[in-house]
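Structural features, examined
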Amino acid sequence: TQLLEQSPQFLSIQEGENLTVYCNSSSVFSSLQWYRQEPGEGPVLLVTVVTGGEVKKLKRLTFQFGDARKDSSLHITAAQPGDTGLYLCAGDNNAGNMLTFGGGTRLMVKP
Amino acid sequence: DAGITQSPRHKVTETGTPVTLRCHQTENHRYMYWYRQDPGHGLRLIHYSYGVKDTDKGEVSDGYSVSRSKTEDFLLTLESATSSQTSVYFCAISEPWAGHLTDTQYFGPGTRLTVL
């Protein structure tokens, strides 16, 4: 079974601070996705990274896929209360349209 | 938003009773999935379907069965509910595109199930 470990599990910061969330595995993934989930709703896709070393930016969010395609990070610059939520990484091992999800990082940004 | 609905949205039941959760999509996507979400575990795949009457087990399939008689509906059944099946259940859909390296999964709003 492929595992994805996310860290930290919980993060509480003040508005304006920067943060980084990590997603690590000993397995190689063909791609990795990041989702955000708000209370009472299902996860929503933020980004997909495919190429080792790839960096994608989505406004204040920067996503990076490790060179060996085993890990990824999400960096948020100048966090805002609207960034509060559960962030999930999910790896695709290219074996039949199935994703392996990490345990999630619960982020709270206080005004 | 992808057209995915789940019913019921909330259910409280007693140990030993059968429970069926329904996922309905209007997107005509071929793949449908059932996940459960528990604190610290992220989302764990229970069963998935890759077409009408075509289903397969996921990571945590024990105690669950599924059926898909129509493209738009995917049912998850707990034959005899146990307290360990108290969780939030999410349905997701995806449609593989030829030449795409990966596919997006679209999630429903979830069903909160409590087994007493």
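Predicted, not measured: the structure shown is a model, and the values here were computed from it.

Conventions adopted
- Residues numbered from 1 in each chain as written.
- Chains lettered and ligands numbered in written order.
- Predicted model: local features only at pLDDT ≥ 70, side-chain atom pairs only at ≥ 80, totals over all residues.
- Heavy atoms only, no water.
- Pairing = 2+ DSSP bridges.
- Helix = DSSP H or I, 4+ residues; strand = E, 2+ residues; numbered from the N terminus.
- Axes fitted to C-alpha atoms, helices over the stretch in contact; angles between N-to-C directions.
- 1 Å grid on protein atoms, 1.4 Å probe; cavity = no way out; pocket = protein on both sides within 12 Å on 5 of 7 lines; lining within 4 Å.
- Points joined across faces, edges and corners; volume = space filled by probe spheres on them.
- Nonpolar A, V, L, I, M, F, W, Y, C, P; charged D, E, K, R; others polar.
- Contact = heavy atoms within 4.5 Å.
- Buried area = accessible area lost by both parts, 1.4 Å probe.
- Salt bridge = Lys/Arg side-chain N within 4 Å of Asp/Glu carboxyl O.
- Polar contact = N/O pair within 3.5 Å; in protein donor to acceptor, adjacent residues only side chain to side chain.

A word on the sheet that holds strand E3 (residues 19-25) of chain B. All names here are of chain B. Taken together, the four strands give an open sheet; going across it, the order is E1-E3-E8-E7, and neighbouring strands pair in antiparallel fashion. Only two strands of the sheet have a single partner each, and these edge strands are strand E1 (4-7) and strand E7 (64-70). The average angle at which neighbouring strand axes cross in this sheet is 20°, direction not considered. As judged from the five bridges shared by E7 and strand E8 (residues 73-78), these two strands associate in the antiparallel manner. In the sheet register, Val 66 faces E8, and the bridge partner there is Leu 76.

Let us now look at the layout of surface pockets. Its boundaries defined by the atoms lining it, the largest pocket holds a volume of some 1,100 Å³. As for the largest pocket, its lining consists of 48 residues, of which B:Gln37, B:His41, B:Gly42, B:Leu43 and B:Arg44 are closest to the centre. Looking at the lining of the largest pocket, the elements that each hand over two or more residues are strand E1 (5-7), strand E9 (85-92) and strand E10 (99-101) of chain A together with strand E4 (31-38), strand E5 (42-51), strand E9 (87-94) and strand E11 (111-115) of chain B. No other element matches E5(B), which puts four residues into the lining of the largest pocket. Its residues assigned to classes, the lining of the largest pocket shows 17 nonpolar, 21 polar and ten charged.

Right, let's talk about the interface of chain A and chain B for a bit. Contact residues are listed per partner, giving 23 residues for chain A and 22 residues for chain B. Of the roughly 1,600 Å² buried at the junction of chain A and chain B (both faces included), carbon and sulfur atoms supply 53%. It is A:Asn97, A:Met98 and A:Phe101 in chain A that bury the most area against chain B; as a group they hold 32% of the surface buried on that side. Taken together, the connections running from chain A to chain B amount to zero salt bridges. Joining chain A to chain B, the criterion identifies two residue pairs in polar contact (both at pLDDT 80 or more). Sorting the residues of the side of chain A that touches chain B by element identifies strand E4 (31-37), strand E5 (44-49), E9 and E10 of chain A as the ones contributing at least two each. Ranked by the residues each element gives to the side of chain A that touches chain B, the list is headed by E4(A), at four residues. For the side of chain A that touches chain B, the residue count by class is nine nonpolar, twelve polar and two charged.

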